[in-house]
Structure formats: C-alpha cells, structure tokens
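# What the coordinates show
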Protein chains: 2
Amino acid sequence: MTGRNGGADLAPPAPFDPVVILVRPQLAENIGTTARAMANGGLFHLRLVAPRDGWPQPRAWYASSGADRILEEATVFETVDDAIADLHRVFATCPRPRHIIKPVMTARGAAAELRATSSRKLKSGILFGPERAGLDNEDMARADTLIRYPLNPRFMSLNLAQAVLVMAYEWYLTEDTVPEQYLMTNETHVATKGEVENFMTHLLRDLDECGFLHHEQKRPGMIRNLRHLFARGEITEQELRTLHGVVSELSRARKIRHTK
Amino acid sequence: MTGRNGGADLAPPAPFDPVVILVRPQLAENIGTTARAMANGGLFHLRLVAPRDGWPQPRAWYASSGADRILEEATVFETVDDAIADLHRVFATCPRPRHIIKPVMTARGAAAELRATSSRKLKSGILFGPERAGLDNEDMARADTLIRYPLNPRFMSLNLAQAVLVMAYEWYLTEDTVPEQYLMTNETHVATKGEVENFMTHLLRDLDECGFLHHEQKRPGMIRNLRHLFARGEITEQELRTLHGVVSELSRARKIRHTK
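Residues numbered from 1 in each chain as written. Chains lettered and ligands numbered in written order. Predicted model: local features only at pLDDT ≥ 70, side-chain atom pairs only at ≥ 80, totals over all residues. Heavy atoms only, no water.

### Looking at helix α1 (residues 28-40) of chain B
Residue and element names in this part refer to chain B. Our working rule: Where helices and strands are cited, they refer to DSSP runs of H or I of at least four residues and of E of at least two residues respectively, numbered from the N terminus. Helix span is expected to be 1.5 Å times the residue number reduced by one. Partly exposed describes any residue whose relative accessible area lies between the buried limit of under 20% and the exposed limit of over 50%, with all areas from a 1.4 Å probe on protein chains only and scaled to the type maximum.
With 13 residues, α1 should cover 18 Å at 1.5 Å per step; its first-to-last C-alpha distance of 19 Å lies within 8% of that length. Taking burial as the measure, the 13 residues of α1 include 11 buried ones, the bulk of the element. Taken together, the buried positions of α1 are Ala 28, Asn 30, Ile 31, Gly 32, Thr 34, Ala 35, Arg 36, Ala 37, Met 38, Ala 39 and Asn 40. Two residues or fewer after α1 comes Gly 42, characterised by a positive phi angle close to 75°.

### Thoughts on the environment of His202(A)
Residue and element names in this part refer to chain A. This is how the line gets drawn: The criterion used for residue contact is that any of the two residues' heavy atoms lie within 4.5 Å.
Along the chain, His 202 falls in helix α8 (residues 193-210). His 202 sits 36 residues away from Gln 238 along the chain, and the two C-alpha atoms are 16 Å apart. Beyond its immediate chain neighbours, meaning those up to four positions away, His 202 contacts His 244, Val 247 and Ser 248.

### A word on the relation of the copies chain A and chain B
The following threshold applies: The least-squares superposition of copies is restricted to C-alpha atoms, and to residues with a pLDDT of at least 70 in both copies.
Of the transformation placing chain A onto chain B, the axial shift is 0.0 Å and the rotation is 180°, giving an RMSD of 0.1 Å. Taken together, the rotation and translation describe the operation of a two-fold axis. When the interface residues of chain A are mapped onto chain B, 100% of them again lie at the interface, so the same face is used by both copies.

### Describing the pattern of salt bridges
To keep it simple, the criterion reads: The rule for a salt bridge is simple: a side-chain nitrogen of Lys or Arg has to be within 4 Å of a carboxyl oxygen of Asp or Glu.
Counting across every chain of the model gives 36 salt bridges over all chains. The salt bridge partner of Glu170(A) is Arg108(B), with a shortest N-O separation of 3.2 Å. Of this pair, Glu170(A) sits in helix α7 (residues 160-173) while Arg108(B) sits in helix α5 (residues 107-119), on two different chains. Take Arg108(B): its relative accessible area is 23%, and that puts it in the partly exposed class.

### A few points about the domain arrangement of chain A
Interface size is often expressed as the accessible area that is lost when the parts come together. How we decide: Boundaries of every domain are those given by an automatic assignment or by a domain database.
When the domains of chain A are assigned, the result is domain 1 (19-173) and domain 2 (193-259). Each of domain 1 of chain A and domain 2 of chain A was reduced to a C-alpha centroid, and the two centroids are 58 Å apart.

### A short note on the sheet that holds strand β2 (residues 45-49) of chain B
Paired through their backbone hydrogen bonds, the strands of a sheet run either parallel or antiparallel. Counted only if it meets this: Two strands pair under a simple rule: DSSP has to find at least two bridges between them. Fitting a line to C-alpha atoms yields each axis, with helices limited to the stretch in contact; the angle taken between N-to-C directions then spans 0 to 180 degrees.
One open sheet holds the 8 strands; their spatial order is β8(A)-β5(B)-β7(B)-β4(B)-β6(B)-β1(B)-β2(B)-β3(B), and the pairing between them is mixed. With one partner strand each, in any of the chains shown, β8 (181-184) of chain A together with β3 (75-77) of chain B form the two edges of the open sheet. Ignoring strand direction, the axes of neighbouring strands in this sheet form an average angle of 30°. Inspection of the sheet shows strand β1 (residues 19-23) of chain B paired to strand β6 (residues 124-128) of chain B by 4 bridges, in the parallel sense. Counted as the bridge partner of Val20(B) is Ile126(B) from β6(B).

### Regarding unusual backbone geometry
Each neighbour pair has its own omega, and for Trp55(A) with Pro56(A) the value is 0°, a cis peptide bond. Turning to its location among the elements, Pro56(A) is positioned in the loop between β2 (45-49) and α2 (58-63). Although it is not a glycine, Arg24(A) adopts a positive phi angle of roughly 45°. Turning to its location among the elements, Arg24(A) is positioned in the loop between β1 (19-23) and α1 (28-40). Backbone geometry at Ser65(B) places phi at a positive 55°, although glycine is not the residue there.

### Considering the confidence of the model for chain A
As a reminder of what qualifies: The predictor reports its confidence for every residue as pLDDT, a score running from 0 up to 100.
With 94% of its residues at a pLDDT of 70 or more, chain A shows a mean pLDDT of 88. Overall, residues 1-6 of chain A carries pLDDT values under 50, and its contacts beyond four positions in sequence, including any with other chains, amount to 15 contacts.

Structural data, given as structure tokens:
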C-alpha cells in the first residue's frame, strides 16, 4: 500500500530503538497519524495489539502523510504479553494512574532512559492505550515504569497521535545537538568587529558632514547610543553592505539637493 | 457555542502569556485542534489572521474537545501587522527557512525566552503559517526570531495542531517542577530500611527452616543476592505486607504437608 505522498525516505530503523505499541487501537486513522508522529521523531518500530478493525487498513496509509514504511513493517499481536515478550524494558503512558505503585517518569526523563537502554543494546517499548479508555490496570501491571506528561492538569486530553508525538519529539531531542539559539545567515557570514567599525566610521563621517552630530556636548552620548544599537545583535557582512549603501545613498541625495 | 464536552474548566488567562497567531488558517477543524493543543500546555490567547472560511465556524468547536473558552475569546485580524501591533516580541515557526538572516531558536529555547518575556510584562506572540504552504517571506520579515523544531530532517511534516502542541508543551515545561522520576505510591508509603530488614529476617528464618540455605559455603552469597534484589527499587509498606503473607503462606503449606 502507498499513501498519498508516495512514501517518505525514512532512515533505516535501528534495532534497539524503542517500539511504539498501540494497545487495542480503535481508529485506523489514528494508527496512520501515529506513524506520522513516529517518523517526525525518528521512531520506526510499530506494534499493534488487537486493533479493533483488523489490519491492514487503507485509511491508516491515507493518514500517515507518507510514513508508509512504518505501517508496512508494523506487526500485530493478540495480547500485550505477546507484544512485549522480547522486550527488556516496558513503559506505559498513563495520564491519571490510580491505586498503582510504580515508578513514574516525565516524557523527558523516560526519553533519556529509553536512549540509555538502547545504547546498552536492550529492547524497550512504550504502551499507548486505546483512544477512549486508555490502558487498563492489567496492561499497566506489565510495565516497569509509567510515563506521565507534564501538561495542564485541567486539560490533559491528548489524542493518540499527539501523545505519540510528545514521546517521539523527546526521543529525538536526546540526540539532538542544535544549540537553543543561533543566527541563521544562509549564504553570508557574521561580520567581524572590524567590519562593523568600518561601517561606524562611514556613518559617523557622513553624519558629521550633514551636521547631525554638531552638538558638542551631546555628540559622545549619541555616538555611544548608535554603537549600542549596532552591537545588540550579530550583523552579517551582507547587512553591512546594505547599510553602507543606505548611508551613501542618503548622503548622495543630500549632496545633490545641496548643490542644486 | 459549546463543544461536545461542554467546555472545560480552563484557568484564567494571564495577560502576558504568549499569543498563538494562526496566519491564514484554512480548515476550521485545525483551529479547533489548535485550541485543544493550547489548552494542553496552558496557553489561552488565540488570534486568527484572515481565516479562509471566516469566523466563527462550528466545526472548530467540535474539534476542540472542550477548549471552548479559547475559541470564544479568539480575535480576528485582516493582516499580520494588525495582529502583532500591540506585541513586543514576535516569533515565527518555520521548518525550512531560506535566504533569511534571523536568529533561530529551538522550541525549548524559544519557550524559555517567551517565559522570560512574559515575566518582564512584555507581550509576545508566535506565528504559525497556513496548513499547505506555511508562512511566506513577508510574514517572516515581521518576526524577531524564528523557531525551528529539532525533528527528523527526513520527515518534518507536522500538522498545525501538532506544531502548536510542541510549543505549548515546551511552554508548560518552563514552569513545571515534577521530578523526572519518582515512585508513585498512592495510599501507601515507601518502606523504611528497618521494615525491609524485618521482612528479610522473616524470609531467611523460613528459608532456614525449609533447608533452602543449608549449603554453608553458598549461604552468605545467596543471602547477599536476595538483599541486592530487594534493594534494587523502593518497596512500599503495602508490598512488604504482601511479601510477609506470601512467605508465611508458603511456609504454612509446607509445614502442613510435612505433618501429614
């Protein structure tokens, strides 16, 4: 089967990456959107326990936005015990556990644990319950650890794919090295301090020529303010060229007016 | 208008919490699922720029799972400039920016910045583009900073509500204090070391009686292994009572068999 996007070029699955296990999922669309969310976070192994409407279901492919390979390689089990038999570590997502004695982790904590388990070459899985009722007590007794997302306690309702996305996103972040902030410069580069100073010299010369800085007492403060402004964020070489042009053109216009 | 869940009890909105701005959204369902994702993360201010099918739209209420108040208080603007006029800081989500010179933050970095902006009593907003095409170059030129989610570069396709959920989740986490792991004990308590030792004494006495520990050379190692097992995770008082019962019952059965 092929979804409407014809199948995305997904990375080959790593054998010890976590398995997403949908327990008694009801809607095929949700299996498809789950595959999409898994692909977003680089997860590939999908298992289905007793899907209500059987498997495969074309509607899952339509909803997966091209995460076809995940659906094609999904495996089906009759019981949770069958689905986890080869795993070493099992997590269960559960928004409101009651009467349970069990370690509970945040999504972030669990993601770090899943990554550590994978790097020890142990197989792990995450159980997600059916849409309406969630996992039952028997399902949760199979898990080593519960995962509880930190979310608004007055509004915890997440759909299945949203719940999978949060775990997939946290899983992806455990190996991500993008800094929390950087300047995207594309084809150009961040200017050196010397290049910025060249521009300041150009600007101040032209401002002196037009008399903008004529007030001797205010002059040092005004220059300092301009320096502060241009030091506030990184400036690129390309932007400096534009600024040089802006100053030159404004000066030229003034000079032409002046000579007329 | 009231959604199918009759309206959830959402917390009152804080005036400087970030505004979610949907730019030219196409489907009313996506406006509803956006409101749901906002409620998950405790975000409340929603603005719509030129929604394709007009506003309000009942389908948004059906899709919001009870996040009605967010939809009822949503405001509509004709242009991005109108929608951001009262804001101090504007972020734009953008999976693949090109030919742009702009600071870029991860969702996590941006969430911290949004929280800091809010605590300085400055108003901030996050622009999300239309479903098909995303934000255009003119929209992005209005933003101070771009947000780029760390996600699988081979599969970045997120639907609108998924994109909003990631930001809402990160926003919620900036103030969340739940530890990454803890033992949920509900009605019972973690047992003290003395209580665990009482059980060990009970177990070893019964094991001695039945002869399990009769091998003098192996005895200390076997006892140590049992101690290691029971020290691996926290045990609750309730579980210790169960274990006492298990050991007593097994011993009694053996004694009865023995006397028969």
